[in-house]
Amino acid sequence: MQAQVVLIPDESKKFIIKALLSMDSVANALKKGIVVVHPSSTTLFLYEALMGRLPDAGDHWVSGLILPRGLCASRHTIERMATRDQSMQDPLDNKNAWIFIKGELQEKMRLGDILEQMSSDDIYVKAPNAVDLEGNVGVLYANPAGGGGTIGRVIGRARKRKFHLLFPAGIEKLIPVPVKQAAHKAGFKRAARVMGMPCGMIPIAASLGQKIDETDAVRILSGAEAVPIAAGGLGGAGGAVVLAIDGTQSQVNRAVDAVESVKGARLPPLDLLPCSRCPNPNCQQRGLRDIPWLEL
């Protein structure tokens, strides 16, 4: 039996998280161990599933952003960048992660401290910015002090502590070149002109973590197999993916039911600063005004 379904990016994010939460390794870590979640537009749906609500108003749920106007960041992130000496800032010396111990959210734990407690039974979840055909992922970072941002330090701890890295990422993140090549081209010193903040990229080999996209989610949730047969769309379907799903009747029905359960999912409004009032010290568009596309 075959079915064809359409997921727009917001729906894909929730669908992938639905699959991630059904994995035995995640369920066990939530019951007995530690799950650390890097806030993002994908993992927001993980927080919602575990807490039964979205983060409180004013809490940050996303840091870096790719917007029509360029490479940007949330108000919370920009204000933090503008008030700290980045050359001295340790990304692990903060509480900008959702940390769950035995399924309970820890409000005041420092990220660096919890990483040192994690073991092979624990999970770190990070949504990447790019995925290649080999399952390698790339994560953009905008701190010119280097070190690969938070994820660079997390990778180092994961090698030492052996905890699992999960990378939920929709097919919209697929790039047509190897991530390692893309990371070589990205960088703070390469770009003389930037729409927004110059970014570097840290490449992460498929052997270091598990990528989960829509096709993986179909298999995890139903046992069926899915193949992307089209992408893109109009009328709010930009970035959409069309999947052909094959399997037994029960498998395909489970897959379609799972897709239908996330239809209509939408992210909350973004909390953005206009370029004309932005204090971001790293943005080339800071302070610009009277350019219509900057306010998109």
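Going by the structure above, here's the rest.
Keep in mind the model is a prediction, meaning the values are calculated, not measured. Here the residue numbers are simple positions, counted from 1 along each chain's written sequence. For a predicted model such as this one, the threshold for reporting local features is a pLDDT of at least 70, and the threshold for listing and counting side-chain atom pairs is 80 or more; totals across whole chains, interfaces and linings nevertheless cover every residue. Note: side-chain values were computed over all heavy atoms of the structure, leaving out hydrogens and water.

Re empty space enclosed by the protein
In this analysis a 1.4 Å probe is tested at points of a 1 Å grid over the protein atoms alone, and where it fits but cannot get out there is a cavity; an open set with protein on both sides within 12 Å along at least five of seven lines is a pocket; lining residues have an atom within 4 Å of a point. Grid points are joined across faces, edges and corners, and a volume is the space filled by probe spheres set on the points. Applying the stated criterion across every chain, the model contains two cavities of 30 Å³ or more. Lining the largest cavity are 14 residues, and of these Arg 69, Leu 71, Cys 72, Cys 275 and Cys 283 lie nearest its centre. Secondary structure counts use DSSP, requiring at least four H or I residues in a row for a helix and at least two E residues in a row for a strand, with both numbered from the N terminus. Residue contributions to the lining of the largest cavity peak at four residues, all from strand β4 (residues 70–73). Partitioned by chemical class, the residues of the lining of the largest cavity number nine nonpolar, four polar and one charged. Its boundaries defined by the atoms lining it, the second largest cavity holds a volume of some 40 Å³. Lining the second largest cavity we find Pro 9, Ser 12, Lys 13, Ile 16, Thr 42, Ala 169, Gly 170, Glu 172, Lys 173 and Glu 214. Looking at which element gives the most residues to the lining of the second largest cavity, the answer is helix α1 (residues 9–22), with four residues. Gly is put with the polar residues, along with every residue not named as nonpolar or charged; the nonpolar set is Ala, Val, Leu, Ile, Met, Phe, Trp, Tyr, Cys and Pro, and the charged set is Asp, Glu, Lys and Arg.

Here we look at the environment of Gly 239
Tracing the backbone shows Gly 239 in the loop between β13 (225–231) and β14 (241–246). Partly exposed describes any residue whose relative accessible area lies between the buried limit of under 20% and the exposed limit of over 50%, with all areas from a 1.4 Å probe on protein chains only and scaled to the type maximum. With relative accessibility at 34%, the residue Gly 239 sits in the partly exposed group. Put simply, Gly 239 and Cys 199 are 40 residues apart on the chain and 22 Å apart in space, counted from C-alpha to C-alpha. Only heavy atoms matter for contacts: two residues are in contact if any of them lie within 4.5 Å across the pair. Those residues in contact with Gly 239 that sit more than four places away from it in its chain are Pro 9, Glu 172 and Gly 232.

What to know about the pattern of salt bridges
In what follows, salt bridge is the name for a side-chain nitrogen of Lys or Arg lying within 4 Å of a carboxyl oxygen of Asp or Glu. Enumeration over the complete set of coordinates arrives at eleven salt bridges. A salt bridge links Glu 11 to Lys 263; its shortest N-O distance comes to 2.9 Å. Of this pair, Glu 11 sits in helix α1 while Lys 263 sits in the segment after α9 (249–262), placing them 252 residues apart in sequence. Glu 11 sits in the buried class, given a relative accessible area of 2%. Between Glu 172 and Lys 13 there is a salt bridge whose closest N-O contact spans 3.9 Å. In this pair, Glu 172 sits in the loop between β10 (164–168) and α7 (179–185) while Lys 13 sits in helix α1, placing the two residues 159 residues apart along the sequence. Several salt bridges share partner residues, and in doing so they unite Lys 211, Asp 213, Asp 216, Arg 219 and Glu 225 into one network.

A word on the packing of α1 against helix α3 (residues 44–51)
Note on geometry: axes are lines fitted to C-alpha atoms, helical ones only across the stretch in contact, with angles between N-to-C directions running from 0 to 180 degrees. Contact geometry for α1 and α3: axes closest at 8 Å, N-to-C directions at 55°. In terms of orientation, α1 lies oblique with respect to α3. Between α1 and α3 the crossing geometry is right-handed. Between α1 and α3, the residues in contact are Asp 10, Lys 13, Lys 14, Ile 17, Leu 20 and Leu 21 and Phe 45, Leu 46, Glu 48, Ala 49 and Leu 50, respectively. A breakdown of the residues in the contact of α1 with α3 according to their chemical character gives seven nonpolar, no polar and four charged. Note that the term roughly parallel is reserved for angles under 35 degrees, roughly antiparallel for angles over 145, roughly perpendicular for angles of 65 to 115, and oblique for everything else. Left-handed describes a crossing whose near helix is turned anticlockwise from the far helix by less than a right angle; the clockwise case is right-handed.

Side note on the sheet that holds strand β11 (residues 200–204)
A pair of strands is considered paired only if DSSP assigns at least 2 bridges between the two. Taking strand neighbours across the sheet as the criterion, the three strands line up as β8-β9-β11 in an open arrangement whose pairing is antiparallel. Single-partner strands in this sheet number two, and they are β8 (130–131) and β11. The pairing of β8 with strand β9 (residues 137–141) spans two bridges and is antiparallel. Bridged to Ala 130 within β9 is Gly 138. Across the sheet, helix α6 (residues 149–161) touches β9 and β11, and the angle it forms with β11 is around 25°.

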